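# Coordinates in review
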Amino acid sequence: MSPRTRLPWLGTPGAAPEGAPPALAADEARRDFLKLLGMGGLVLSAGALGVRRLDAQALAGVAPAEPWDAHAYIRLGEDDLVTILCHRSEMGQGIRTTMPMIIADEMEADWSRCRVEQALGDEKRYGSQNTDGSTSIRDFLDKYREAGATARALLEDAAAKQWGVPVAQVKAQNGEVVHERSGRRARFGALVATARALPLPAAGRVRVKAPAERRWEGKAMPGIDLVPMTTGTAVYGGDVRLPGMKVAVIARPPVWGGTIATLDDSAAKAVPGVERIIRLPDGAVPGGFMPLGGVAVVAANTWAAIRGRDALRITWNAGPNAAYDSAAYKAQLMAEVRKPGQAGRNVGDAPRALAAAANTVSAEYWMPHLAHAPMEPVAAIARVQDGMVEAWAPTQSPMDARKAVAEYLKMDVDKVRVHVTLLGGAFGRKSKPDFLCEAAWLARDVGAPVRVQWTREDDLRNGYLHSCAAHRLEAALDGAGKVTAWLHRSAYPAIGATFAPGVKGAEPDELTNGASDVPWEVPNLRVEVGEAPAHTRIGWYRSVNAIHHGFAIGSFVDELARAAKHDSAAFLLDLIGRPRTVDLSAAGLVKPASNYGASWADHPLDTARARRVVELAVERSGWRDGALPRGRGRGIAMHRSFLTYVAVVAEVEVLPDGTVLCPRATMAVDAGFIANPDRARAQMEGAFIMAMSNVVHSQVTFAGGRVTQSNFRDYELTRLRAAPRQIDVVLVPGEGKPGGIGEPGVPPSCGAIANAIAAATGVRVRSLPVGKQLAGWSTRAG
C-alpha cells in the first residue's frame, strides 16, 4: 500500500485506517475488525451516557462486520497496538494529536505503540462529529479522560486477576501493568483476553489523573500530521483517487435562487475529454445544505472539465435576489440601526440616561460579507453501487454530510458512508455538505466514481458567506469620563435565513455572540438587533457574529477612551469594573439566552478573567513603554467568545501610501484548561492574521445579485510582508472548564488592529475593509 493512501501513525505504520480512500480500505478495515474479534481485541466505547465496554455477551447476535452501536474511542490488540479513533475533523487545529494524547495519557499507553484512525461519519456511535464552534475539547475533554481512565482500570483489573493479587497492588505504567511488590510486568496486549471478559469497573475504580500525574495533557506535543503535511504525503480531499473516477465541475447560478433559462452545451461536448453534460435539480430558496443546481461537466480530468464548463452557453433566470446590491443594502442596514430594534439585553434605562446626559458619544460601523476562502477549495468524491453511497471529502461534519446526501438522493441515511480526509483549511465552509450532495448525485447518474472539484472562483461566488453587519453605538460619559449609559444597535442577515423561510434578520439570542454579554459595569445598558433580510446564502464563519461585534465594540471603547482623554487600556479596565461573577441568564438577557451550548452556571460571565487578560496583554506588550513615532501605533481590545477571554494589543506601522504592516502583536488568553498549548498558540497566531485580512483587505460585494470578486486578486488576504514578525501568546494556566480556542482570537484582534491604525494615523476607519482609505493619510491627518 502506498504511503499516500495511509493516514499517519503516531508510532509504527500498519494497516489502512477507516478513512483511507482506496477501494481496498473498507475491505481491509472489515478484515481488521474480524481479526480483532478472532484474537480477542479489547474495544472501549463512550456513549452519550458515559463509557461502557462491549464484551462478548454484548456482542452476541451482532454480525462481526457491523459497527458497534456506541462511540468507540479505543481499540487495543494483543500486539500492544493502541488505536484511537478520532471522531473530529483535522483542519490544522491539531485535534488528531490532542485527542489521542489525552486518551493515551489517561490510559498510561506507550505513545510509540499508539496510532490514530479517522472515524467514519456515524452520529449513532460518536455523537456530534461537527467540528465547529470550538467544541472538540470543551465538549469532550471529560469523555476523552474517562475513556482512557476506564481502559487503564480494566487493564489493572485484568492483571490483578491473572496474578491473583489485590488490584490496589498493581499499576499501569507506559504500556504495561506492574505488580509493585513482586516486580512482575505484563504488556497491555497480554492482558486483552482477560480484560475484555471483565465487568465494567465500579465508578470509584475509574479515576482520572490528577494534574501532577499527567505526562502529556497540558503540555506541548508535536502534531502527528506535520510530517506528512510538509512532505506532501498527507491526503486531502482532492488527493483521493478511485479506479474509473471521473471529474466534474459545475456551472452554478450566479444569483441565489437563480435557474437555467436556456442551455447550449454543443461546444462543451466537443472539448476533448468531456464525457457528459448533466443538469442538476434547481436549488431552492432557502435551500439549507442542498446544492444550488446548475450544469455539471463530467470529464476524464479536471482540465477538460473546466474547459468544458467555459464552453457552456447558459442564460439564467436570476430569481428573487437579482436586485441585491451591496451599496444599497449597506444604506438599508445603516438606516435600520438608527431606530429601535428587538432587545437582547436591558439593564436600567439606557435611552433615558442618554437623553439626559450632558456628554454623549456615538459612532456607526460596517463590516462587509466575508468568504471562508480556505486554501483548499472544497472537493468531494462519491461512489454509488449496490444501493450504497460511499463518499470521501474534507468535511467538518460527516454526520451532516450523511443526512444531506440521504435527503438529496432520497435514500436512507444508513446507506450513506462518509470518509473524512484532512482539511486544507475550513473556517466553517466545510461543515456545509452541498458539495458532497453534488458528487453523490453525479456518481449515481454517471454510474462511476465522480470527484466534484470547486475552483477558487466557485468558492467565492457560490459559497456560504459571513454576514455583513451594521452597528450603531451610543454612550454617555460623566464628568470623570466614566460610562453611565450604553446603547448598541445592530442589523445583519441571519444564518437561519439559509435554512428557513420568512427569517427577517438575527434574533436577540444571537447577540450573546459578544454583544449582549459584554462584561461592562454600566448602570444603563441596552443591546438591540434590527431587521436584515438575507439575499445570499449566509453561513457560519470562524468566530461567527463575534467578529463584527468585536470590531464595532472594540473600536467604540477606544473612541470613548479618547473622548474621555483616558488611556485606552485603563479605560477598558474601568469599563469592565470590579471583579465579579455574573449569571447573565438572570441579568437582563432576553430569553432564551444561549451561552455557546453551555450553561450560565458552568460558564458565567467572570469579569476577573476579563480583567486578567487585559492586564497581561498590557504587561507583555510594552503598552506603557512610551509613545511611538507618527505612523506607528498600538491598539487594545478584549472580547469574550466561545467561553474564552482574549485580550489583544496590536502594533501597526502605516506607510505613507496607506499600506498597513504589523510588526508585533500580543495576545493574552484565558480558556480554562488548555490541553495542548502548542496548538493553542498556533491557533491564536492564525486568528490574528485572519483578523488582519478581515480588517484591512477582505470583502465580498454584490451587484445585480452577483458576487463581484473572483479570486485572490480582488478578494485580498494579508501577505507575508504585512503579517506580524512577532506574535506573543500568553496562556493563562488553569484547571477550569475549557473554553474554545479556534475562534476566540479573531474578534478582539479586529478591534485591536482598527484601534492601532487610528493611533498610528489619526484616521478612524469605521467601514471595513480599510483598503485604500488610508492612502495619503500622512498629508491629511494631524
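Counting restarts for each chain, with residues numbered from 1 along the sequence as it is written. Reporting of local features is limited, given that this is a predicted model, to residues whose pLDDT is at least 70; pairs of side-chain atoms are given and counted only at 80 or more, and all residues count toward the totals for whole chains, interfaces and linings. As a rule here, side-chain values come from all non-hydrogen atoms in the structure, and water together with hydrogens is ignored.

### Here's the deal with the overall build of the chain
In plain terms, the rule: Note on conventions: DSSP H or I runs of at least 4 residues are helices, E runs of at least 2 residues are strands, and numbering of each starts at the N terminus. In this description the radius of gyration comes from C-alpha coordinates, and the expected globular size is given by 2.2 Å times residues to the power 0.38. Partly exposed describes any residue whose relative accessible area lies between the buried limit of under 20% and the exposed limit of over 50%, with all areas from a 1.4 Å probe on protein chains only and scaled to the type maximum. Contacts were defined at the residue level, with two residues in contact if any of their heavy atoms lie within 4.5 Å. The Shrake-Rupley method, run with a 1.4 Å probe, gives the accessible areas here. Residue values count only the displayed protein chains as cover.
Of regular secondary structure, the chain possesses 20 helices and 30 strands. The C-alpha atoms of the chain give 28 Å as radius of gyration, which agrees with the globular expectation for 782 residues (28 Å, within 12%). Seen through its C-alpha atoms, the chain measures out along the principal axes to roughly 80 × 75 × 45 Å. Taken over 782 residues, the chain has a buried fraction of 62%. Look at the contacts in the chain between residues 6 or more apart in sequence, and 78% of them connect residues 24 or more apart. Carbon and sulfur atoms make up 52% of the accessible area of the chain, which totals about 28100 Å².

### Notes on the sheet that holds strand 12 (residues 294–299)
Put simply, the rule reads: Two strands are said to pair when DSSP picks up at least two bridges between them. Only C-alpha atoms enter the line fits that serve as axes; for helices the fit covers just the stretch in contact. Angles between N-to-C directions range over 0 to 180 degrees.
Read from one edge of the open sheet, 7 strands run 11-12-9-19-16-17-18, paired in mixed fashion. Two strands lie at the open edges of the sheet, namely strand 11 (274–280) and strand 18 (416–420), each paired on one side alone. Ignoring which end each strand starts from, the neighbouring axes of this sheet average 25° apart. Sheet topology places strand 9 (residues 246–251) next to strand 12; 5 bridges connect them, and they run antiparallel. When the sheet's bridge partners are listed, V249 is paired in strand 12 with V297.

### A few points about the pattern of salt bridges
Where charged atoms from two side chains of opposite charge approach closely, those side chains can pair. Quick reminder of the rule: Throughout this description, the term salt bridge denotes a Lys or Arg side-chain nitrogen within 4 Å of a carboxyl oxygen of Asp or Glu.
Scanning the entire structure with this criterion turns up 49 salt bridges. Residue D458 is joined to R252 by a salt bridge in which the shortest nitrogen-to-oxygen separation is 3.7 Å. Residue D458 is found in helix 14 (residues 456–462), and its partner R252 is found in the loop between strand 9 and strand 10 (259–264); the two are separated by 206 residues along the sequence. The class of R252 is buried, set by a relative accessible area of 6%. When salt bridges with common partners are traced through the structure, they connect D558, E559, R562, R764 and R766 into a single cluster.

### Side note on the packing of aromatic side chains
Applied cut-off: To pair, rings of Phe, Tyr and Trp, with the six-membered ring standing in for Trp, must have centres within 6.5 Å; the planes then decide the type, stacked if under 30 degrees apart, edge-to-face if over 60, and tilted in the middle.
All chains considered together, the criterion is met by 13 aromatic pairs. Here the aromatic rings of Y324 and Y329 are separated by 5.2 Å at their centres, their planes lie at 85°, and the arrangement is edge-to-face. Note on accessibility: Y324 and Y329 belong to one class, buried. With centroids separated by 5.8 Å and ring planes inclined at 65°, the aromatic side chains of W486 and W520 adopt a geometry described as edge-to-face. Of this pair, W486 sits in strand 21 (residues 483–491) while W520 is found in the loop between strand 21 and strand 22 (525–529), placing the two residues 34 residues apart along the sequence.

Bear in mind that shape data such as this cannot, by itself, settle questions of function.
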